[in-house]
Amino acid sequence: MPSFLLGRIVSLVLSLIAASIVIFLVLEVVPGDPAQFMLGLNATPEAVATLRQSLGLDGPLLERYFSWVLGLLHGDFGISYTYKVPVAGLFADRIWISLPLALYALALSTLIAFPVGILAAVRRNSATDVGIMGATQVGLAVPNFWFAMLLVLLFSITLRWFSAGGFPGWQDPLLALKALTLPAVALALPQASILARVMRSSLLDTLGEDYIRSARAKGLSQGQTLWRHALRNALIPVLTIIGLQFSFLLAGAIIIENVFFLPGLGRLVFQGITSRDLIVVKSVVMLLVFAVILVTFLVDVTYALVDPRLRRATR
Amino acid sequence: MRTSLAVLALAGALAMTTAVTPALAQARTDVKIGLVLEPPSLDPTAEAAAAVDEVLYSNVFEGLTKFAADGSIVPGLAKSWDISEDGLTYTFHLNEGVTFHDGSAFDAEDVKFSLDRINAEDSLNAQKALYTSIASVEVVDPATVKITLKQPDGNLIYNLAWGDAVIVAPESAENNKTNPIGTGPFSFASRVEGDSITLSKYGAYWGTPVKLEGATFRFIPDPTAAFAALQAGDVDAFPNFPAPETVAQFQNDPRFRVVIGATEGETILAMNNGKAPLDNVKVREAIAHAIDRQAIIDGAMFGYGTPIGTFLSPANPDYVDLTAQSNYDPEKSKALLAEAGVTDLTLSLKLPPVEGYARRGGEIIANQLAAVGIKTEVTNLEWAQWLSEVFTDKNFDLTIISHTEPNDIGIFARPDYYFQYKNADFDKIIAELSVTSDPAKRSELLKAAQKNLADNYAAGFLFELAKVGVENAKLTGLWENAPTQATDLTAVAWEE
């Protein structure tokens, strides 16, 4: 086990170094000068040059790379070019929208997908199954931003139950949750469709296994077999999908954040790219990469803890 | 027990409703304004972004002079000024009893500090070029400032009204980027980056007190979201509404008022005058005649916009209507191309990320040019790319852009500006204009400058951008036109 763990840690560190180099280089070759962008059409060339210097955009490539990485290691993510405040603060503010939103959407999608997927698998080839499969097909096909607009039309403009967007802050947790509800529903629908289909097929696979037949032969009822044996084994691929979905929801909700004008992480990166606030893009993307790599690492370790074969197989 | 609890809860709820109702009956004292773009940092003297002025100009920061709603220049922190005979010395008499939001007093030293800061060696002021005529700023006494010029500058009073020349205090200037401290009727209260900025009434304001107690600016870039936010009442007004296609719906809704006003945004099909074959005036004229302005206004702007034939706002009293000189005439256009000996012309058309005039307008213009036999290679760019490819490197033939700065006809005289218009006569007119302060003479020169641009087809002059505002019908006092990009809240109030 220690050698397995060491191997995993080495691969984690190597991935991080590789990611930092790729991110840094990609942003180096992106066209567009942040200083010119900030000062606009009427600026004198001297003012642009002065700003470039004060932003630390001059200087050799390697030097700038190492000063950035060293900063990251010290927990210094730099100062946003546009907002003029520390990137760490921006990230901290926005993770409090993106993380709860991702968790909210994930909880909703799981709550919908599990019963629906199980029902479809148990009632295979029945009208219920066909209906559910049809509905999830629609759920997959409908773009989430369009669904989001429909939600706004109905619940914000017509019924006026929810505001059309924005985020009031966590001072009032209920109000904050309310503001996140429509976006979470819009995000959860396609995810729930995917998850329900995976749940169904995974459960159908396990229901065909020999040990299920043995369990039934042993005298367990269909329900008992389902709960004690089939479901537990069918969950593994489902959990993998949930893990992937979480990473997507954390940073990939840009479009939904735009529809509901939520100041989340996705929009922070998006704005950073359009306004060439490269330090924000660099540092936030790096933090997200770190989060995803860390989650993968933890999942790897958990798998190994659960399944001894994995420990022996790798190293 | 259960019943009594329910009764209690009901009573509580009723009590709350009754407590709230009278407050609702009174006129509101806050306002929520929707804006498309978010200011980067909050220092108008160190940012080019119009969004900074859209939140802070006249509200938080004030200059010596200021723009009024009708575009005229009125006294601001300076109550009056004298100009010497030779036009080289301006003496400003300052208002007294003015304080900054941190409580410190405003005086002539602050004026000197602010103006010196613009012209300093390491200045980051985006409009530094406007103030180069200033030789020195001298404090005569705490309420009097004398500005000495290198040469007469007919634009000085006008330029001092820009957001880039607002007066800041030496003690707080450095922190204005995150915590702006000015002399205006509102002080900065808080900001949620990416979401909103909140201002609150400054009790010790020197001038006429404002009627609002506070204001919140919310940033909503998505047109659909902007529509939804207004409909749902999340914002009370959108002074520059980004979804003109939905305006008819607001016009038919008694809860809203639609206000169509003028801006200072001359929208042009900029041509690279320095690059063959566009250095040939015949080719430029051919392109100008190939363009049907009204079709662009109708197709790309949903009918909002005023055709222009030169580079000045039709709202300007000195504006000359020269649209007939570049009227829509495809036959003439073809003839001119033949005359110039140009066949099989392919031009690059590089478009900035503006959905309306640039992207939709670009498609229409590409079609109109194709009709006279000019092919275009259309490229869609982001702002940062546009700035580096088109603006800095001048690697383009055509682009569509709106120049939103007020009274900026002088950019055609700038050496090496991106459209590379080089015309000695024009440069002479502008040089003379900048040292002339006699109104009649200025008017004459400004007209000559407009005519020069139209005669030489310096660009395809398309239309003046309209300001499409959607407001709550009970809200009063927002500007109808946009003589400068600002959301002046000093006169805003709710009807009883």
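What you see is a predicted model, and the numbers here were worked out from it, not measured in a lab.

Peer 1: Quick question: what am I supposed to make of the overall build of chain B here?
Peer 2: Assigned secondary structure in chain B consists of 13 helices and 19 strands. Overall, the C-alpha framework of chain B stretches about 95 × 65 × 35 Å when taken along its three principal axes. The 496 residues of chain B split such that 55% are buried. Partitioning the contacts of chain B with sequence separation of at least 6, the portion at a separation of at least 24 is 69%. Total accessible area computed for chain B in this model is approximately 19,600 Å², and 54% of it derives from carbon and sulfur atoms.

Peer 1: Would you mind going over the domain arrangement of chain B with me for this structure?
Peer 2: Residues and elements named next belong to chain B. Assigned domains of chain B: these are domain 1 (38–175), domain 2 (186–261 + 467–494) and domain 3 (265–465). In this complex, domain 1 contributes ten residues to the contact, which on the side of domain 3 involves nine residues. Both sides together, the interface formed by domain 1 and domain 3 hides about 740 Å², and carbon and sulfur atoms give 53% of it. By the criterion of area lost to domain 3, the three top residues of domain 1 are Gly154, Tyr158 and Trp162, representing 47% of everything that side buries. In this structure, the connection of domain 1 to domain 3 is made through zero salt bridges. The interface formed by domain 1 and domain 3 contains three residue pairs in polar contact (both at pLDDT 80 or more). Here the side of domain 1 that touches domain 3 is built from residues that sort into five nonpolar, four polar and one charged.

Peer 1: What is the right way to read the interface of chain A and chain B from this model?
Peer 2: Accessible area lost during the coming together of the parts is what is often quoted as the interface size. Each partner contributes residues to the interface: chain A has 40 residues there, and chain B has 51 residues. Together chain A and chain B conceal approximately 3,600 Å² of surface at their shared face, both sides included; 59% is due to carbon and sulfur atoms. Summed over the three residues of chain A that lose the most area to chain B, namely Leu41(A), Asn42(A) and Phe261(A), the buried surface amounts to 22% of that side. Where chain A touches chain B, the interface holds one salt bridge.

Peer 1: Looking at this structure, how should I read the sheet that holds strand β6 (residues 134–141) of chain B?
Peer 2: Pairing between the strands of a sheet is mediated by backbone hydrogen bonds and can be parallel or antiparallel. Residue and element names in this part refer to chain B. Pairing is antiparallel in the open sheet, where four strands are placed in the order β4-β5-β7-β6. Each end of this open sheet is capped by a strand with a single partner; those strands are β4 (78–83) and β6. Adjacent strand axes in the sheet meet at a mean angle of 20°, parallel and antiparallel pairs treated alike. Here strand β5 (residues 89–94) runs beside strand β7 (residues 144–149); their pairing, made up of five bridges, is antiparallel. Within the sheet, the bridge partner assigned to phenylalanine 92 lies in β7 and is valine 145.

Peer 1: Help me understand the packing of aromatic side chains, please; the structure alone is not making it clear to me.
Peer 2: Centre-to-centre distance and the angle between the planes together describe a pair of aromatic rings. All names here are of chain B. Within this structure, the stated rule accounts for 32 aromatic pairs over all chains. With centroids separated by 5.5 Å and ring planes inclined at 50°, the aromatic side chains of tyrosine 205 and tryptophan 206 adopt a geometry described as tilted. Judged by relative accessible area, tyrosine 205 falls into the buried class, the value being 16%. Classification of tryptophan 206 as partly exposed rests on a relative accessible area of 27%. When the centroid spacing of 6.2 Å and the interplanar angle of 25° are considered together, the rings of tryptophan 386 and phenylalanine 391 count as stacked. In this pair, the class of tryptophan 386 matches that of phenylalanine 391, namely buried.

Peer 1: Any chance you could explain the side chain of Ser275(A) here in plain terms?
Peer 2: Note on placement: Ser275(A) falls in the loop between α12 (265–274) and α13 (278–306). By relative accessible area, Ser275(A) is classed as buried at 14%.

Peer 1: Sorry, what's going on with helix α11 (residues 383–392) of chain B here?
Peer 2: An α-helix turns once per 3.6 residues; consequently, residues spaced three or four apart project the same way. Residue and element names in this part refer to chain B. Judged by how many residues are buried, α11 sits mostly within the fold: seven of ten residues are covered. All of the buried residues in α11 are Ala384, Gln385, Trp386, Leu387, Ser388, Val390 and Phe391. After α11 finishes, the residue lysine 394 shows a positive phi value of roughly 55°.

Peer 1: Before we go on, may I ask you to explain the pairing of strand β14 (residues 345–351) of chain B in this structure?
Peer 2: On a regular strand, each side chain points to the face opposite its neighbour's, so the side chains alternate between the two faces of the sheet. Residue and element names in this part refer to chain B. For β14, a buried count of six out of seven residues is recorded, marking the element as mostly surrounded by other parts of the structure. As paired strands, β14 and strand β15 (residues 374–380) are joined by seven bridges and run parallel to one another. Each bridged residue has a counterpart across the sheet, and for leucine 349 the counterpart in β15 is valine 378. In terms of handedness, the path from β14 via helix α10 (residues 355–371) over to β15 forms a crossover that is right-handed. Across two bridges, β14 lies against strand β16 (residues 398–403) in parallel orientation. Each residue of the ladder has a partner; that of leucine 349, found in β16, is leucine 398.

Peer 1: Help me understand the nonpolar core, please; the structure alone is not making it clear to me.
Peer 2: One recurring pattern in soluble globular proteins: nonpolar side chains tend to sit buried together. Grouped together as the largest cluster of nonpolar side chains are 106 residues, with contacts concentrated most on Trp68(A), Phe260(A), Val284(A) and Phe241(B). For Trp68(A), the residues in contact, after removing those within four places along its chain, are Ser20(A), Ile23(A), Phe24(A), Ile279(A), Lys282(A), Ser283(A) and Met286(A). Among the nonpolar cores identified, the runner-up in size contains 66 residues, and Ile268(B), Val283(B), Ile409(B) and Phe419(B) belong to it.

Peer 1: Where do I start with unusual backbone geometry in this structure?
Peer 2: Glycine aside, residues mostly have negative phi, and peptide bonds are mostly found in the trans state. The omega angle of the peptide bond from Ala276(B) to Pro277(B) is 0°, so this bond is cis rather than trans. Topologically, Pro277(B) is positioned in the loop between β12 (256–271) and α7 (281–290). The phi torsion at Arg160(A) lies on the positive side, around 60°, for a residue other than glycine. Along the chain, Arg160(A) falls in the loop between α7 (144–158) and α8 (173–207).

Rules behind the numbers
- Residues numbered from 1 in each chain as written.
- Chains lettered and ligands numbered in written order.
- Predicted model: local features only at pLDDT ≥ 70, side-chain atom pairs only at ≥ 80, totals over all residues.
- Heavy atoms only, no water.
- Helix = DSSP H or I, 4+ residues; strand = E, 2+ residues; numbered from the N terminus.
- Buried < 20%, exposed > 50% of the residue type's maximum accessible area, 1.4 Å probe, protein only.
- Contact = heavy atoms within 4.5 Å.
- Areas by Shrake-Rupley, 256 points an atom, 1.4 Å probe, with all protein chains shown as cover.
- Domains from an automatic or database assignment.
- Buried area = accessible area lost by both parts, 1.4 Å probe.
- Salt bridge = Lys/Arg side-chain N within 4 Å of Asp/Glu carboxyl O.
- Polar contact = N/O pair within 3.5 Å; in protein donor to acceptor, adjacent residues only side chain to side chain.
- Nonpolar A, V, L, I, M, F, W, Y, C, P; charged D, E, K, R; others polar.
- Pairing = 2+ DSSP bridges.
- Axes fitted to C-alpha atoms, helices over the stretch in contact; angles between N-to-C directions.
- Phe/Tyr/Trp six-rings, centres within 6.5 Å; stacked < 30°, edge-to-face > 60°.
- Right-handed = clockwise from strand over helix to strand, strands pointing away.
- Core = buried A, V, L, I, M, F, W, Y, C linked by side-chain atoms within 4.5 Å.

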